[in-house]
Amino acid sequence: MSTRPKRPKVIVTRRLPEAVETRMAELFDIELNYSDDPFTPEQLADACARADVLVPTVTDEIGADLLAKAGDGLKLIANFGNGIDHIDLAAARARNILVTNTPGVLTDDTADMVMALILSVPRRLAEGEKLVRANEWKGWSPCGMLGHRITGKRLGIVGMGRIGQAVAARARAFGLSIHYHNRKRLPDGLERTYEATWWPTLDAMLRRVDIVSINCPHTPETHHLIDAAALRHMQRHVYLINTARGEIVDESALAVALEAGQIAGAGLDVFEHEPAVDPRLLALKNVVLLPHMGSATFEGRADMGEKVIANIRSWVDGHRPPDQVLEGWL
């Protein structure tokens, strides 16, 4: 029989959708963050010392030093989000703390945002919108606000997991040809489905595509995967799209490349030092900048909350949580 508390102490670090918080309050001894201000390191340490279950988000750094001071009662970190690069998994394992995430529920939302940026940057949508709002538009003209069509272009997807494949499905409908780089090649059937060309090395793919979409997780291996050298492999007309994690791209190197016209433009929903953004990017017209909103739908947030609750309830009942992060989860 499980000795786990039937109403565990659950501390949530950020505001969640109201329905999710209400359901948590019904099931658990819940402590909510009504201010929605990110926890300070001291507040995180206090939460880890008192909680049976911690529900953090991407804004919380759960490192080895923090976990070393965690109370004996902390047995589950039920992350509200799919990415877990902000959690030291090795340190959690050493303390016998389970870690769960919320995979799958954000795939369509993120893939939709990728396509929005793929359309927005080459067609200069953000520039046009600002022109109208500034009352500087002088009316239609044959050469006004010219951009580039995406039909017939080659899309290079970095990371062909759930989101990468969802992007590929959408992109094919817009007439893009699909190229991808992944640690493992897709099965033949999936390659035929997406009519996708696999490149065993990233550099080889970057030299041949017109648009690059970053859809891989952030890991030590992918940190600054797109650096100055990778940017030099791209052609001058290439657009770079990043909705994954800011740290995958060397933001300083990207700013230099964009300023120099080394690549044509970028669409960024994530940044290396969020919420700070390199001032050079802010000054460029050929960059669309979004506030990490790729997964920001009412439906997606509700689904994330349901997964968090299901993971906690499974743990309370003595079962392995359905979304437990295991060794080799990538």
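Source: prediction; values computed, not measured.

## What about the UniProt feature "domain: D-isomer specific 2-hydroxyacid dehydrogenase NAD-binding" (unreviewed entry) in the chain?
Next, step 1: With numbering aligned to this structure, UniProt lists the feature "domain: D-isomer specific 2-hydroxyacid dehydrogenase NAD-binding" (unreviewed entry) at residues 115-294.
Next, step 2: Helix makes up 32% of residues 115-294 and strand 16%. Its end C-alpha atoms lie 11 Å apart.

## Some words on the side chain of threonine 13
Next, step 1: Tracing the backbone shows threonine 13 in the loop between β1 (9-12) and α1 (18-27).
Next, step 2: In this structure threonine 13 comes out as buried when scored by relative accessible area, which is 0%.
Next, step 3: Separated by 2.6 Å, the side chains of threonine 13 and aspartate 60 make a polar contact.
Next, step 4: For threonine 13, the contacting residues outside a window of four places in its chain are Asn33, Asp37, Phe39, Leu44, Leu54, Val55, Pro56, Thr57 and Asp60.

## Digging into the pairing of strand β9 (residues 211-214)
Next, step 1: Of the two faces of β9, the one carrying Ile211 and Ser213 and the one carrying Val212 and Ile214 are both buried.
Next, step 2: In this sheet, strand β10 (residues 239-242) lies alongside β9 in parallel orientation, the contact comprising four bridges. Counterpart to isoleucine 211 in the pairing with β10 is tyrosine 239.

## Observations concerning the environment of leucine 176
Next, step 1: Inspection of the secondary structure assignment puts leucine 176 in the loop between α7 (162-173) and β7 (177-181).
Next, step 2: For leucine 176, a relative accessible area of 5% translates into the label buried.
Next, step 3: When the C-alpha positions of leucine 176 and aspartate 210 are compared, they lie 9.8 Å apart, and in sequence the two are 34 residues distant.
Next, step 4: The residues touching leucine 176, leaving out its near neighbours within four places in the chain, are Ile118, Ile150, Lys153, Leu155, Ala171 and Ile211.

## Some remarks on the packing of helix α5 (residues 107-120) against α7
Next, step 1: Packing of α5 against α7 brings their axes to within 9 Å, and their N-to-C directions diverge by 50°. With respect to their mutual orientation, α5 and α7 come out oblique. In this structure, the crossing between α5 and α7 has a hand that is right-handed. Residue-level inspection shows Thr107, Asp108, Thr110, Ala111, Asp112, Val114 and Met115 of α5 in contact with α7, the latter providing Arg162, Ile163, Ala166, Val167, Arg170 and Ala171.
Next, step 2: In the contact of α5 with α7, the residues fall into seven nonpolar, two polar and four charged.

## Observations regarding the pairing of β7
Next, step 1: Burial runs high along β7: four of the five residues are buried.
Next, step 2: Where strand β6 (residues 154-158) meets β7, five bridges bridge the pair, whose relative direction is parallel. For arginine 154, the partnering residue across the bridge sits in β7 and is serine 177.
Next, step 3: A crossover links β6 with its parallel partner β7, the connecting element being α7, and its sense is right-handed.

Reading the values: rules and limits
- Residues numbered from 1 in each chain as written.
- Predicted model: local features only at pLDDT ≥ 70, side-chain atom pairs only at ≥ 80, totals over all residues.
- Heavy atoms only, no water.
- UniProt positions renumbered as here; feature names shortened; annotations may be inferred.
- Helix = DSSP H or I, 4+ residues; strand = E, 2+ residues; numbered from the N terminus.
- Buried < 20%, exposed > 50% of the residue type's maximum accessible area, 1.4 Å probe, protein only.
- Polar contact = N/O pair within 3.5 Å; in protein donor to acceptor, adjacent residues only side chain to side chain.
- Contact = heavy atoms within 4.5 Å.
- Pairing = 2+ DSSP bridges.
- Axes fitted to C-alpha atoms, helices over the stretch in contact; angles between N-to-C directions.
- Parallel < 35°, antiparallel > 145°, perpendicular 65-115°, else oblique.
- Left-handed = near helix turned anticlockwise from the far one by under 90°.
- Nonpolar A, V, L, I, M, F, W, Y, C, P; charged D, E, K, R; others polar.
- Right-handed = clockwise from strand over helix to strand, strands pointing away.

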